[in-house]
Amino acid sequence: MKSDVPSGAPAPPPAAPPSSSASFANVRDRSVAELEGDIVAALRAAQPACPLDQPGPDGTPAIPSLQAVWVLSQVGAAVGTAKLVSLSRVDKEELRTIRGVARLVHRTIHAPAGAVAS
Amino acid sequence: MSHAITRSTISDAWFASLERCHAAPGGRVVHLVTTVEQPGSEIAEVREVLAKALADEGAQSIDTVSETIFPASTYPDPGVTWSPGRTEDEQRLDAAAEALYSSYVDMLPLLLTADGNRRGTYFSRMVTWPGKERGGVNQLQLRVDRLRSEHRNGHRTNNTLDIDVAADATDDEPLRGVQVYAADDKRTRSFPCLTHVDLTLYAGRLHAVAVYRHQYLIDKAYGNLVGLSRLMEFLCQQSGFALGELVVHATMADDQRSSYGRKVSDLVDAAGKALASSGVSSS
């Protein structure tokens, strides 16, 4: 993280700007499997520090729960709601892998109107 | 009676603190002051013992706890350290910091829906005080700006700074520390345990003291040390100062035997063995 030696290497590209909610513009039409791909792509584009190399119990990448929250915030922005879910009602196991988040998003997006996401 | 512990790494400092507390009547001690000489350094074997214990209980992971203080997974570390006059590096560091702040503030409405977060999170109070919505005071950036100013002016020690226990986020002296709770908060439940992070620049090193009202030594303490270390590393990277010591002052330290029962003893034994096998002496 720290370096006090000037580097002679070419500067890497600047940090990618935060992903716009356009990554999830068609979220309502996506299957869980497709959402898994969308989520990975969004994280790679906008959250380069998010580790994606460790498999979770379900075989998909394990992610920090805070990154799961970031994904939910981006999906929420795409569908016009800042609070896509109530985290107090979410099974925290669903926030630990790509598939868990994808399933939560899919279930929430397709929940009957007025139903509380859980 | 106060207790002072000084160790090199997060892991042996945490273990020594838990061991001391566990040996005390009722598993609690008043004024446990733990110093980590090398913030950020860990002993993997000890971390793994605790991580397993937390997972077995369904508790928050070490990293989840640490990210409540510093969300490292959302910080796109540019891999350079600030230095006066290096404009391109400064731009990269500023962009990375801005990405960190904006990502977190974007998530804030959602984060507030989690239990215990209704009034904000530790990090939200640091970057958008008072912490419930965007547009508040970014205490962290104020500290970065002030530290850079000190660095440009060749100041390696500022012993004229008073360490204000209840620093106001809008104070004219932004280097007094980081306020993480409101003095007018009248809650008697779900009160934030971390109340203040104080910063001291001395001989070119940045030191920190974190004050906790009630420190849960199994569920929170290790993750807190990791998070505080990462916060210090961020400030040092952004300002070019060297990393100093981290001190955590727990006004009440708790071994959580009321929740974990005999498992506390098992954890102390296992962690002690892991520490011993690592070759690091806990003394």
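The structure displayed is predicted, hence computed values, not measured ones.

The next point concerns the overall build of chain B. Helix and strand content of chain B: 9 helices and 7 strands. Looking at chain B as a whole, 55% of its 283 residues qualify as buried. For chain B, contacts bridging at least 24 residues in sequence account for 70% of all contacts bridging at least 6. For chain B, the exposed area adds up to about 11800 Å²; of that, 49% sits on carbon and sulfur atoms.

All names here are of chain B. In this structure the tally under the stated criterion is 7 aromatic pairs over all chains. Between Phe70 and Phe234, the aromatic rings sit 5.3 Å apart at their centres with planes inclined by 40°, giving tilted as the arrangement. In this pair, Phe70 sits in the loop between α3 (62-69) and α4 (87-111) while Phe234 sits in helix α7 (residues 221-239), placing the two residues 164 residues apart along the sequence. This pair shows no difference in class: Phe70 is buried, exactly as Phe234 is. Judged by centre distance (4.9 Å) and plane angle (75°), the rings of Tyr104 and Phe123 are edge-to-face. Of this pair, Tyr104 sits in helix α4 while Phe123 sits in helix α5 (residues 122-127), placing them 19 residues apart in sequence. With respect to class, Tyr104 is no different from Phe123; both count as buried.

All names here are of chain B. The share of residues in chain B with pLDDT of 70 or more is 86%, and the mean pLDDT across the chain is 86. With pLDDT under 50 throughout, residues 159-176 is counted as low confidence; its partners more than four residues away or in other chains account for 32 contacts. Across the interfaces of the predicted complex, the ipTM metric reaches 0.80, alongside a pTM of 0.86.

Turning to unusual backbone geometry, a few remarks are in order. All names here are of chain B. Of note, the bond from Trp129 into Pro130 is cis; its omega dihedral lies within 30 degrees of zero at 15°. Its place among the elements puts Pro130 in the loop between α5 and α6 (139-152). Its identity is not glycine, yet His31 carries a phi of approximately 55°, on the positive side. Tracing the backbone shows His31 in strand β2 (residues 28-36). One non-glycine residue, Ala203, lies in the positive phi region at around 50°. Counting through the fold element by element, Ala203 comes out in the loop between β4 (194-202) and β5 (205-212). With a relative accessible area of 38%, Ala203 lands in the partly exposed category.

Looking now at the nonpolar core. If you look at the biggest cluster of nonpolar residues, it comprises 105 residues, and the most contacted ones within it are A:Leu43, A:Leu72, A:Leu87, B:Trp14, B:Leu140, B:Phe234 and B:Leu235. Element by element, the count of residues in this core is highest for α7(B), at 10 residues. Setting aside residues no more than four positions away along its own chain, A:Leu87 makes contact with A:Val69, A:Leu72, A:Leu95, B:Leu110, B:Leu111, B:Thr113 and B:Ala114.

Let us look at empty space enclosed by the protein. Residues and elements named next belong to chain B. Tallied over the entire structure, the rule returns 2 cavities of 30 Å³ or more. Of the pockets and cavities examined, the largest cavity occupies roughly 70 Å³. Considering the residues around the largest cavity, the lining is formed by Trp14, Ser17, Leu32, Thr34, Gln215, Leu217, Ala221, Leu225, Val248 and Ala250. Breaking the lining of the largest cavity down by element, the ones donating at least two residues are α1 (10-23), β2, α7 and β7 (242-254). Broken down by class, the residue content of the lining of the largest cavity amounts to 7 nonpolar, 3 polar and no charged.

All names here are of chain B. With 8 bridges connecting them, β2 and β7 associate as antiparallel partners. Residue pairing for β7: Val33 is matched across the bridge by His249. Bridge analysis of strand β6 (residues 215-216) against β7 gives 2 bridges, and the strand direction is parallel. Bridging from a neighbouring strand, Gln215 pairs with Ala253 of β7.

Moving on, we come to the environment of B:Glu67. Here B:Glu67 lies in helix α3. Residues B:Glu67 and B:Leu228 lie 161 residues apart in sequence; the distance between their C-alpha atoms is 9.4 Å. If near-sequence neighbours (up to four positions away) are discounted, B:Glu67 is found in contact with A:Pro64, A:Leu66, B:Ala72 and B:Ser73. Among the polar contacts listed, one links the side chain of B:Glu67 to the backbone nitrogen of B:Ala72, at a separation of 3.1 Å.

Reading the values: the criteria
- Residues numbered from 1 in each chain as written.
- Chains lettered and ligands numbered in written order.
- Predicted model: local features only at pLDDT ≥ 70, side-chain atom pairs only at ≥ 80, totals over all residues.
- Heavy atoms only, no water.
- Helix = DSSP H or I, 4+ residues; strand = E, 2+ residues; numbered from the N terminus.
- Buried < 20%, exposed > 50% of the residue type's maximum accessible area, 1.4 Å probe, protein only.
- Contact = heavy atoms within 4.5 Å.
- Areas by Shrake-Rupley, 256 points an atom, 1.4 Å probe, with all protein chains shown as cover.
- Phe/Tyr/Trp six-rings, centres within 6.5 Å; stacked < 30°, edge-to-face > 60°.
- pLDDT = per-residue confidence, 0-100.
- Core = buried A, V, L, I, M, F, W, Y, C linked by side-chain atoms within 4.5 Å.
- 1 Å grid on protein atoms, 1.4 Å probe; cavity = no way out; pocket = protein on both sides within 12 Å on 5 of 7 lines; lining within 4 Å.
- Points joined across faces, edges and corners; volume = space filled by probe spheres on them.
- Nonpolar A, V, L, I, M, F, W, Y, C, P; charged D, E, K, R; others polar.
- Pairing = 2+ DSSP bridges.
- Polar contact = N/O pair within 3.5 Å; in protein donor to acceptor, adjacent residues only side chain to side chain.

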